[in-house]
Amino acid sequence: MTTIQTRISAVRERIATACQQAGRSPDAVALLAVSKTFDADAVAAAHTAGQIAFGENYIQEAVDKITRLRHLPLVWHCIGPVQSNKTRLVAAHFDWVQTVDRLKIAQRLSDQRPVQLAPLQVCIQVNVDGGPTKSGVVPGQTLELARAVAALPHLRLRGLMCIPEPAADFAAACAVFKRASALFDALNQAGLGLDTLSMGMSADLESAVASGSTMVRVGSAIFGRRN
Ligand SMILES: *Cc1c(COP(=O)(O)O)cnc(C)c1O
């Protein structure tokens, strides 16, 4: 096995253990492999280990990889900031966008989604810990944005994602993740029918899984340290 394949097995093991400790089914949490800054060969190696879903932050870098790997049945998630001038590329090449935090961007993505493609799967990014420089809608405005996004014709709202600041310890991380989880539950009680709560990365996936994450986004634990 290659290093990437060995690391993917180890990450899957971590997810399974975290699910077991939380009394959740081992298939309750999906693994998104975050391949930003790594090349198409690294993605292909991860695919050999059975990995299908990949996350990318930088649009042009991602489009190059998506195009090169067109022959593989991969699912691509945009997890980086999306500016207005990039929505057309995102709508044409990605399957998911997890970083929608403004209606204007969602409207452009819907308008620009090519009609022959399935609806673009969308998560709303929420700023759960109030980080001042961070993107993400504030929790109090999430329901209103979610309703507006859910009404757009070429998008399908799937859930929420968050990127909290690193926490001091497991309990502190859980406290923040549980805020996202409570918001997710509230939106579902309001009838939005969400199935995806994207939270947890290489360093904190255990606390995210303990707090209700349904998708962890793992980069360095799979591909190694980024420059
Ligand atoms: C880079 C990135 C990740 C992966 O981070 P690691 O610590 O390498 O696992 C996850 N989510 C987002 C939004 C990222 O930008």
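Heads up: the structure comes first, above all this text.
Residues numbered from 1 in each chain as written. Predicted model: local features only at pLDDT ≥ 70, side-chain atom pairs only at ≥ 80, totals over all residues. Heavy atoms only, no water.

1. Digging into the side chain of Ser 202
- Mapping Ser 202 onto the fold places it in the loop between β7 (196-198) and α8 (205-210).
- At a separation of 3.3 Å, a polar atom in the side chain of Ser 202 contacts the side chain of Ser 220.
- Within the structure, Ser 202 has its side chain in polar contact with the backbone nitrogen of Ala 221 (distance 3.1 Å).
- In this view, Ser 202 contacts Arg 14, Arg 217, Val 218, Gly 219, Ser 220 and Ala 221; residues no more than four positions away in its chain are not counted. (Helix = DSSP H or I, 4+ residues; strand = E, 2+ residues; numbered from the N terminus. Polar contact = N/O pair within 3.5 Å; in protein donor to acceptor, adjacent residues only side chain to side chain. Contact = heavy atoms within 4.5 Å.)

2. Brief notes about unusual backbone geometry
- A positive phi is found at Thr 37, a non-glycine position, where the angle reads about 75°.
- Tracing the backbone shows Thr 37 in the loop between β1 (30-34) and α2 (40-48).

3. Some details on the packing of aromatic side chains
- Within this structure, the stated rule accounts for two aromatic pairs.
- Ring geometry for Phe 38 versus Phe 223: centroids 5.5 Å apart, planes at 25°, classification stacked. Here Phe 223 lies in helix α9 (residues 220-223) and Phe 38 lies in the loop between β1 and α2, a separation of 185 residues in the sequence. Taken individually, Phe 38 and Phe 223 each receive the classification buried, so the pair is uniform in this respect.
- Arranged with centres 5.7 Å apart and planes meeting at 40°, the rings of Phe 54 and Trp 76 form a pair that is tilted. In this pair, Phe 54 is assigned in strand β2 (residues 53-56) and Trp 76 in strand β3 (residues 75-78), connecting sequence segments 22 residues apart.
- Residue classification places Phe 54 among the buried residues on the basis of a relative accessible area of 0%. (Phe/Tyr/Trp six-rings, centres within 6.5 Å; stacked < 30°, edge-to-face > 60°. Buried < 20%, exposed > 50% of the residue type's maximum accessible area, 1.4 Å probe, protein only.)

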